[in-house]
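Survey of secondary and tertiary structure
Chain by chain, the residues:
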Amino acid sequence: MPEDFVVTPWEVRGQIDYDRLVTQFGTQRITDALRSRIQRRAGELHPMLRRGVFYSHRDMDWILDEHEKGNPFALYTGRGPSSGVHIGHMLPWFFTKWLQDKFGATLYFQITDDEKYLFKDFEELDEATRVGYDNALDIIAMGFDSKRTRIFLDTEFIHHLYPIAVEAAKRITFSTTQAVFGFDNSNNIGEIFYTSIQAVPAFLPSVQAGHDVPVLIPCGIDQDPHFRIARDVAPKLGYPKPALIHNKLLPSLLGPEAKMSASAPASSIFTTDSIPEAKTKIMDAFTGGRATVEEQRRLGANPYICSIFAQYKFIFESDDAKLAEIEGTCKSGERLCGDCKAELWDSVERFLRRHHEAREKAKDRLEEFLLRD
Ligand code: TRP
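A brief structural summary. This structure is a prediction, so every number in the text was calculated from the model and none was measured.

Here we take up the layout of surface pockets. Its boundaries defined by the atoms lining it, the second largest pocket holds a volume of some 610 Å³. Lining the second largest pocket are 21 residues, and of these Phe94, Ile315, Phe316, Phe351 and Arg354 lie nearest its centre. Elements represented by at least two residues in the lining of the second largest pocket include exactly helix H3 (47-50), helix H5 (87-103), helix H14 (307-316) and helix H16 (337-362). The class makeup of the residues in the lining of the second largest pocket is 11 nonpolar, 4 polar and 6 charged.

Here the focus is the site of the ligand. Around the ligand, the surrounding shell holds 14 residues, and the nearest of these are Tyr76, Gln110, Glu115, Gln198 and Gln223. At a separation of 3.2 Å, an oxygen atom of the ligand approaches a polar side-chain atom of Lys116. Within the side chain of Gln198, an N or O atom sits 2.9 Å from a nitrogen atom of the ligand. For the ligand, whose unbound accessible area comes to 370 Å², protein coverage reaches 91%. Where the shell around the ligand is concerned, the elements lending two or more residues are strand E5 (74-79), helix H6 (113-118) and strand E8 (215-220). Among the elements that take part in the shell around the ligand, E5 stands out by supplying 4 residues, more than any other. Residues of the shell around the ligand, tallied by class, amount to 4 nonpolar, 7 polar and 3 charged.

This part takes up the sheet that holds strand E9 (residues 243-247). Spatially, E3-E4-E9-E8-E5-E6-E7 is the arrangement adopted by the 7 strands of the open sheet, whose pairing is mixed. The open sheet is flanked by strand E3 (28-29) and strand E7 (149-153), the only strands paired with a single partner. Relative to strand E6 (residues 107-111), E5 is paired through 5 bridges, and the arrangement is parallel. Paired with Thr77 across the bridge in E6 is Phe109. Against the sheet, H5 touches strand E4 (54-58), E5, E6, E7, E8 and E9, its axis set at about 165° to E5. Sheet strands touched by helix H10 (residues 189-209): E5, E6, E7 and E8. Its angle to E6, the strand with the most contacts, is close to 150°.

Cut-offs used in this document
- Residues numbered from 1 in each chain as written.
- Predicted model: local features only at pLDDT ≥ 70, side-chain atom pairs only at ≥ 80, totals over all residues.
- Heavy atoms only, no water.
- 1 Å grid on protein atoms, 1.4 Å probe; cavity = no way out; pocket = protein on both sides within 12 Å on 5 of 7 lines; lining within 4 Å.
- Points joined across faces, edges and corners; volume = space filled by probe spheres on them.
- Helix = DSSP H or I, 4+ residues; strand = E, 2+ residues; numbered from the N terminus.
- Nonpolar A, V, L, I, M, F, W, Y, C, P; charged D, E, K, R; others polar.
- Near = heavy atom within 4 Å.
- Polar contact = N/O pair within 3.5 Å; in protein donor to acceptor, adjacent residues only side chain to side chain.
- Areas by Shrake-Rupley, 256 points an atom, 1.4 Å probe, with all protein chains shown as cover.
- Pairing = 2+ DSSP bridges.
- Contact = heavy atoms within 4.5 Å.
- Axes fitted to C-alpha atoms, helices over the stretch in contact; angles between N-to-C directions.

Now the structure itself:
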């Protein structure tokens, strides 16, 4: 098979074939039947479900079965604090908040400062921890319910995490990590151990409650390999296997092949971007437009490769009729890219101003959310 794209927890490259990933990883596609079931339980369907942004899962049916039986589930997601937070990182968080609101679920939010140090994003561990605390502000600013949300940094909560990590680590061989992550003899032993730390919050709700608690993990499909391992060890430790619901990754503002990262600031809107910085990024973004206005009027443009259309579809336009109108007028040539960007910018600006404010307020609220040893 040609290696035209790569998706691992640490590297995402090329034009991703999301259907092929479902086969490669052995996950299930979200079917219409499952969507209807979620809709019945939640009372509505989140746009990211309607549009296939969240498109794959493991054991989501079981989560709904348990919920129907009156057995509430916990949510678990996380953030690797390699840099500031951008909109692509927040994509699963919007959805997680929706799940928390609709199902009244307790959310465990892991910040993996250890991971980002071990995998060489930082020279000094305390630098990763500092970025982790800073990222926690963005998480709080999302509006999660403080009574039901527990945020923790690995290095600050390790006393609680370690016993469970050790139990998991004993049942994961080096050869499993080689097969799943492609590790070899040159990987440091912290990298090899790390997956057992990311497994812990899948079991923590059961440990804390003293009985089995179903756990649902909303995350980018790139994180699935960790949880394939966590699911394998779960029964050996006497915990239920965590369920997963996976999202596609938000395309970069620089085009379908470009990656979104802090090393290419123009690739995404970061939460700490100033208003003029963010506006420039939107106005300079890659589109599916034609070389000239005349051509575009005559031939129409291509929304399916356009980073601006992706922003509408994944996050900023929740109304399906309006999204269809954007798509239709783009393809017919009625809509020009400059206007389309300006229109999107209105929504992004509103979002960013609100987030800046909430992020400032979060500085006084950290202790309401943080778990520490
Ligand atoms: N490894 C993830 C990252 O680099 C962080 C993470 C930890 C995570 N636990 C998680 C992501 C659970 C999703 C779900 O971003």
